[in-house]
Amino acid sequence: YAERLRARLRKMRPILDLISRREAILEERTELELLQRDPGRLTGRGASKQLMREEKMGNRVKRDLPKVTKALERALWEWHRENRPADGDGGADDPSAGHFAYEGVPYL
């Protein structure tokens, strides 16, 4: 039983890594939005550094979020294809059966 769980975790690890990366990018996007709402951020010393930091964050979010999301969607569809219940199984009636759950909720 334990070996079966280890094998399942090995299959899940790439998806969990993508989810972690996507969540970090989403958190960075939220932080960027909060920074941009503060009008006083560009009035003090170091304003140019702050502006450059925001620009780098924005570019990273714009560049990486679509790539990571697309890779994650492909991995999740592959997971679903491999793990969905067969028609004769009892779980076929459950719409979330076979979907990858993260924190108890089907992800994406």
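Each residue is numbered by its place in its chain's sequence as written, counting from 1. Where totals are concerned, whole chains, interfaces and linings use all residues; where local detail is concerned, this predicted model gives features only for residues with pLDDT of at least 70, and gives and counts side-chain atom pairs only at 80 or more. Computation of side-chain values: all heavy atoms of the structure, hydrogens and water removed.

Caption draft 1: Examining the pattern of salt bridges more closely. The working definition used for a salt bridge is a side-chain nitrogen of Lys or Arg within 4 Å of a carboxyl oxygen of Asp or Glu. Summed over all chains, the structure comprises seven salt bridges. The salt bridge involving glutamate 3 is made with arginine 10; its shortest N-O contact spans 3.4 Å. Taking the relative accessible area as the measure of exposure, arginine 10 reaches 53% and is therefore exposed. Several salt bridges converge on common partners, so that one network encompasses Glu3, Arg6 and Arg10. The buried label goes to any residue with under 20% of its type's maximum accessible area, the exposed label to any with over 50%, and the partly exposed label to all in between, with areas taken from a 1.4 Å probe on protein chains only.

Caption draft 2: Fine view of helix H1 (residues 2–37). A run of H or I in DSSP becomes a helix once it reaches four residues, and a run of E becomes a strand once it reaches two; helices and strands are each numbered from the N terminus. Helix span is expected to be 1.5 Å times the residue number reduced by one. With 36 residues, H1 extends 50 Å from end C-alpha to end C-alpha; this agrees with the ideal 52 Å at 1.5 Å per step. The sharpest bend along H1 measures roughly 40° and falls at methionine 12, with the proline proline 14 sitting one to four residues further on. Residues of H1 that are buried: Ile15, Leu18, Ile19, Arg22, Ile25, Leu26, Glu28 and Leu32. Contacts are assigned to residue pairs that have any heavy atoms within 4.5 Å of one another. For H1, the elements touching its buried residues are helix H2 (47–83) and strand E1 (101–102). The quantity called bend is, for any residue, the angle between two axes fitted respectively to the seven residues ending at it and the seven beginning at it.

Caption draft 3: Structural detail: the packing of H1 against H2. Taken N-terminus to C-terminus, the directions of H1 and H2 make an angle of 150°; their axes are 8 Å apart at the nearest point. As judged from the angle between their axes, H1 and H2 are roughly antiparallel. H1 and H2 meet at a crossing whose hand is left-handed. Note on residue categories: nonpolar means Ala, Val, Leu, Ile, Met, Phe, Trp, Tyr, Cys or Pro, charged means Asp, Glu, Lys or Arg, and polar means any other residue, Gly included. Here the residues of the contact of H1 with H2 sort into 17 nonpolar, five polar and twelve charged. Throughout, an axis means a line fitted to C-alpha atoms (over the contacting stretch in the case of helices), and angles, computed between N-to-C directions, take values from 0 to 180 degrees. Each angle is binned into one of four classes, with values under 35 degrees roughly parallel, values over 145 roughly antiparallel, values of 65 to 115 roughly perpendicular, and all other values oblique. It is the rotation of the near helix from the far one that decides the hand of a crossing: anticlockwise by less than a right angle makes it left-handed, clockwise makes it right-handed.

Caption draft 4: Examining H2 more closely. Between the first and last C-alpha of H2 there are 51 Å, a value that for 37 residues agrees with the 54 Å anticipated at 1.5 Å per step. Along H2, the largest kink reaches about 30° and is centred on aspartate 64; proline proline 66 follows within four residues of it.

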